[in-house]
Amino acid sequence: MSSITRSYRIRAYPNGAQRRLLDRWFGATRWLWNTALGIRSEAYRECGLSLTGNDLSRWLTQWKRTPGHEWLAEIPATVLTQCLRDQDAAFCNFFGGRAHYPRFKRKSTTGSVRFQDVGRDWTRGTLSLPKLESLKLAEELPEVTHPDLVTLSRDAAGRYHVSFSVEVPRTLLPITHRVVGVDVGLTHLATLSTGEKILNPKRYHARLRYLRQQQRCLARRQKGSRRRENQRLRVARVHARVRQERQCALHALTTRLVREFDLVFIEDLNVKGLARGLHARGIHDAAFSEVRRQLTYKSDWYGKILVEVDRWYASSKTCSECQYILDELRLDQRQWTCPKCGVRHDRDVNAARNILAEGLRQLAGRDDRYLRVDAGDACPEEILVQVLAEEARSGQRNRACLKQARFS
Ligand SMILES: [Zn+2]
């Protein structure tokens, strides 16, 4: 049985004393990051030296004994070491061409520290961190072996979370022999080719309106004032609330999709994003990338397949019954009737059906084997699904391969 990496993020409620300690640690890691980054950059500029985290770690030991820097010794060693290791990773990503040059960290309301070796009380169900003792969590720890690394962070709304990832065995979901096309939208969260519409979370639009109001209010507050700080917190909390509700709805949607269907077709964002208005694009794109991200890892966990369909035609304007293409379809036209075959279409359902049809067509056209299946069988879609699902399970073909062999 293969295993997958699963990440957890759990809300934490540190008490007053713990929060005060954490405040100092966030500051200390920021100081260490910036100091180390400065030394590294300068060593390279001046002498062409590439320092590693180990070199700096030796200096750190010295710093702790230097007058004026004794406070470093009060911070758990694992937090500081991990900070240097993270910087190593950042440099590694930079030299590997995967990231920009590491940046200095600014003073901000957010922060995070990372710990190693937290396994002591893990089996008893409590998370205890060095010098903080046990931490109150919103939910119980999952029943997994203790992680190597635990991150404790604070977001802009002042909430604390612990996060970690562990290897867990893969659990495959049963094959259902069903396929679906998904159209991620603005007015609805998503529309399925089965005709079902998944609504946005309750009061979603009202909250967005309220958020804009509060943001305007923040802009009017004087810089550095107490009222501005209060307003900033209020905005951050509304943001967090909106995000949390949408995230919850998206998770429910994507889990349902991989549970009920074997193959999920979604559109390629680039084509559609351009067709939309400037304001609408941000929100739509954010929802879309999140849906894609969740479907990607969930289909991998549960042995299902996600296919991104390249589209070069307007899916909303094409009739899913007879392929007739309308000349024009205004954005506010939610329904239309095909002049050729007379079928009445719902705009989004029609788009989802087109995504599904186009995806299946491209899949079948791509692979010789499916063409053979196509020729001999009355129900090619079902066979196609079965073959793909079984391959995904045995690990022969995963989403990455599918994407590589993309139907251009
Ligand atoms: Zn038609």
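Residues numbered from 1 in each chain as written. Predicted model: local features only at pLDDT ≥ 70, side-chain atom pairs only at ≥ 80, totals over all residues. Heavy atoms only, no water.

1. Some thoughts on the coordination of the zinc ion
Just so we agree on the cut-off: Donor atoms (N, O, S) are those found within 2.8 Å of the metal centre, with the cutoff raised to 3.2 Å for Na, K and Ca; water is not part of the atom list, so apparent gaps in a site can occur. All geometry calls rest on donor angles, where a four-donor set with angles between 85 and 135 degrees is tetrahedral, four- and six-donor sets with opposite donors more than 155 degrees apart and all others between 65 and 115 are square planar and octahedral, and all else is irregular. Helix and strand definitions here come from DSSP, where helices need a minimum of 4 consecutive H or I residues and strands a minimum of 2 consecutive E residues; each element is numbered from the N-terminal end. Throughout this description, buried means an accessible area under 20% of the type-specific maximum (1.4 Å probe, protein chains only), exposed means over 50%, and partly exposed covers the range between.
Coordination of the zinc ion by the protein comes from Cys319 (SG), Cys322 (SG), Cys338 (SG) and Cys341 (SG), over a distance range of 2.2 to 2.3 Å. Coordination geometry of the zinc ion: the 4 donor atoms subtend angles of 106 to 114° at the metal centre, consistent with an arrangement described as tetrahedral. Along the chain, the residues donating to the zinc ion fall in the pattern C-x2-C-x15-C-x2-C. One end of the pair, Cys319, is in the loop between β11 (305-309) and β12 (335-337); the other, Cys338, is in the loop between β12 and β13 (344-346), and 19 residues separate them in sequence. Note on accessibility: Cys319 and Cys338 belong to one class, buried.

2. Observations regarding the layout of surface pockets
Just so we agree on the cut-off: Definitions used throughout: a 1 Å grid over protein atoms alone; a cavity as a set of points that fits a 1.4 Å probe which cannot get out; a pocket as an open set with protein on both sides within 12 Å along at least five of seven lines; a lining residue as one with an atom within 4 Å of a point. Grid points are joined across faces, edges and corners, and a volume is the space filled by probe spheres set on the points.
A volume near 1,100 Å³ is recorded for the largest pocket. What lines the largest pocket is a set of 32 residues, among which Tyr8, Arg9, Arg243, Gln247 and His251 lie closest to the centre. Take the lining of the largest pocket: its biggest share by element is 9 residues, from helix α5 (residues 226-260).

3. Remarks on the nonpolar core
Formally: Throughout this description, the term nonpolar core refers to a set of buried Ala, Val, Leu, Ile, Met, Phe, Trp, Tyr and Cys residues connected via side-chain atoms within 4.5 Å. Residue contacts are counted whenever heavy atoms from the two residues lie within 4.5 Å of one another.
Counting residues in hydrophobic clusters, the biggest one holds 67 residues, and the most contacted among them are Leu127, Leu152, Val162, Val182 and Leu257. Among the elements that line this core, the one with the most residues is helix α1 (residues 16-47), at 10 residues. The residues contacting Val182, other than those within four sequence positions of it, are Ala190, Thr191, Leu192, Leu257, Val264, Phe265, Ile266, Glu267 and Ile355. Formed by 10 residues, the second largest nonpolar core is a distinct cluster that contains Val179, Val309, Ile355 and Leu360.

4. Here we look at the environment of Thr191
Turning to its location among the elements, Thr191 is positioned in strand β8 (residues 190-192). Here Thr191 is in contact with Gly181, Val182, Asp183, Glu196, Lys197, Asp348, Val349 and Ala352, once residues within four sequence places are set aside.

5. Some points on α1
Rules: By this rule, a helix spans an expected 1.5 Å times one less than how many residues it contains.
Between the first and last C-alpha of α1 there are 46 Å, a value that for 32 residues agrees with the 46 Å anticipated at 1.5 Å per step. Where α1 terminates, the next one or two residues include Gly48, which has phi positive at roughly 65°.

6. A few points about unusual backbone geometry
Of note in this structure, Glu133 is not a glycine but carries a positive phi near 60°. Among the structural elements, Glu133 can be located in strand β4 (residues 133-134). A positive phi is found at Gln323, a non-glycine position, where the angle reads about 70°. For Gln323, the position within the fold is in the loop between β11 and β12.

7. Notes on the packing of aromatic side chains
For clarity, the threshold we go by: Note on ring pairs: Phe, Tyr and Trp rings are taken, using the six-membered ring of Trp, and paired if centres are within 6.5 Å. Classes follow the plane angle, with under 30 degrees stacked, over 60 edge-to-face and the rest tilted. The criterion is that NZ of a Lys, or CZ of an Arg, lies within 6 Å of the ring centre and within 35 degrees of the ring normal, and then a charge sits over that ring.
Evaluated as defined, the whole model comprises 11 aromatic pairs. Between Phe91 and Tyr101, the aromatic rings sit 5.5 Å apart at their centres with planes inclined by 90°, giving edge-to-face as the arrangement. Placement of Phe91 in helix α3 (residues 77-95) and of Tyr101 in the loop between α3 and β2 (111-116) is noted, with a sequence separation of 10 residues between them. Look at Tyr101 and you get partly exposed, because its relative accessible area is 34%. An aromatic cluster is defined as three or more aromatic residues linked by ring pairs; in this entry it consists of Phe91, Phe94, Phe95 and Tyr101. The ring of Tyr13 has Lys136 sitting right over it, with the charged end atom 5.6 Å from the ring centre.

8. Quick word on the sheet that holds strand β1 (residues 3-12)
Definition in use: The pairing criterion is simple: DSSP has to find at least two bridges between the two strands. Here an angle of 0 to 180 degrees is reported between the N-to-C directions of two axes, which are lines fitted to C-alpha atoms, with helices fitted over the stretch in contact.
The strand order across the open sheet formed by 4 strands is β1-β6-β5-β2, and the pairing between neighbours is antiparallel. Looking at strand neighbours, the two that pair on one side only are β1 and β2, the edges of this open sheet. Each adjacent strand pair in this sheet contributes to an overall mean axis angle of 20°, direction not counted. One ladder, built from 4 bridges, connects strand β5 (residues 149-154) with strand β6 (residues 160-169); its direction is antiparallel.

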